[in-house]
Amino acid sequence: MITNLGINLRIKKALMILATITLFLLISTTCVLADEDEMESEQIENVNADQNEIIVGEGHQSVGTDESIVIPSVTEEQVLVMSEPVVTAAAVKEKLSGWIEDGSNKYYIKEDGTYAKDEQIDTGGMTNQRFFYFGADCILVKGIYQSAENGIWYYADANTGGIKTSAGFVDCNGNRYYVTRGGAVARNIQIDTADATNQRFFYFGADGILVKGIYQSAENDIWYYADVNTGEIKTSAGFADCNGNRYYVTRGGAVARNIQIDTAG
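Remember, predicted model here, so these are calculated numbers, not experimental data. (Residues numbered from 1 in each chain as written. Predicted model: local features only at pLDDT ≥ 70, side-chain atom pairs only at ≥ 80, totals over all residues. Heavy atoms only, no water.)

Peer 1: Before we go on, may I ask you to explain the overall build of the protein chain in this structure?
Peer 2: In terms of helices and strands, the protein chain carries two helices and 17 strands. Here the protein chain holds 265 residues, and 25% of them are scored as buried. Taking the contacts inside the protein chain whose residues are at least 6 apart along the sequence as the reference set, 28% of them involve residues at least 24 apart. Of the roughly 18400 Å² that the protein chain leaves accessible, carbon and sulfur atoms contribute 52%. (Helix = DSSP H or I, 4+ residues; strand = E, 2+ residues; numbered from the N terminus. Buried < 20%, exposed > 50% of the residue type's maximum accessible area, 1.4 Å probe, protein only. Contact = heavy atoms within 4.5 Å. Areas by Shrake-Rupley, 256 points an atom, 1.4 Å probe, with all protein chains shown as cover.)

What follows is the structure, encoded as structure tokens:
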């Protein structure tokens, strides 16, 4: 039989074991908490250090904690690794000015950051592709157009949009036009191309299109005949057939009207 003394000894032994286990657990918990506090402190220091550092390419530059931060200039080969993109003033200007393409349309952003609109832009080139015009929708204009700046009609190349500034014929949408020196399209005027052949004089209507056949000049109200194929104005005396009718052109080019003609034939 177990005496009361034996029972008491066993109870005391069990309490001592329990106390030892409790003390061990308490010490272990304290060490773990201390390690976590140390790791958190190190992480905070690393974050603060990262916030004060800008990575440019492969190099690092500390810029301090003050509010005045100077970003070093970079080359095109360098890569900016940051939460916010940082570019130089030159890079900003390059991105905010110049040509922009959107599908088949082209736009031009000026140096002040606004889109070219209803205006001619001089890109500074030395070729015939120097001047370009952008319409009310800011899209690069091609073909025949009327400038909103001065009301004059011009021709922009159908492919590149470059404005033609040298004198000469141009074809657009099946029609023939003539661009005078400086770029203006000939309208309501007879043009002398100074050609030594009979194809020297041509007339262009209010729409700028080369006139063919019988027409009345807006310059002097006189009627003339322009060849139905080439548009050249007939200046020698003789008959001319147009649209199933026969006319007579007097010397100098005027069409005979309300007059008897002696052809001396």
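More follows now that the structure is in view.
Peer 1: How should I be thinking about the side chain of serine 147 in this particular structure?
Peer 2: Secondary-structure assignment places serine 147 in the loop between β8 (143-146) and β9 (153-156). Owing to a relative accessible area of 6%, serine 147 belongs among the buried residues under this scheme. A polar atom in the side chain of serine 147 sits 3.0 Å from the backbone nitrogen of glutamate 149. If we ignore the near neighbours within four places in the chain, the residues touching serine 147 are Tyr133, Ile152 and Tyr154. (Polar contact = N/O pair within 3.5 Å; in protein donor to acceptor, adjacent residues only side chain to side chain.)

Peer 1: How do you make sense of the pairing of β8 when you look at a structure like this?
Peer 2: One face of the sheet, then the other: side chains in a regular strand alternate in exactly this way. Bridge count between β8 and β9: four bridges; the pairing is antiparallel. By the bridge assignment, glycine 143 is partnered in β9 with alanine 156. Turn length for the β8-β9 hairpin, with the two strands adjacent in sequence and antiparallel, is six residues, and the turn residue glycine 151 shows positive phi of about 80°. (Pairing = 2+ DSSP bridges.)

Peer 1: It is not clear to me how the packing of aromatic side chains should be interpreted in this structure. Could you clarify?
Peer 2: Ring pairs (aromatic) are described by centroid distance and by the angle formed between their planes. Counted by the stated rule, this structure contains 14 aromatic pairs. Considering the side-chain rings of tyrosine 108 and phenylalanine 134, the 6.2 Å spacing of their centres and the 35° angle between planes classify their relative orientation as tilted. A residue pair is termed long-range when its members are at least 10 positions apart, and tyrosine 108 in strand β5 (residues 105-109) and phenylalanine 134 in strand β7 (residues 131-134) qualify at 26 residues. By relative accessible area, which is 0% here, phenylalanine 134 ends up buried. (Phe/Tyr/Trp six-rings, centres within 6.5 Å; stacked < 30°, edge-to-face > 60°.)

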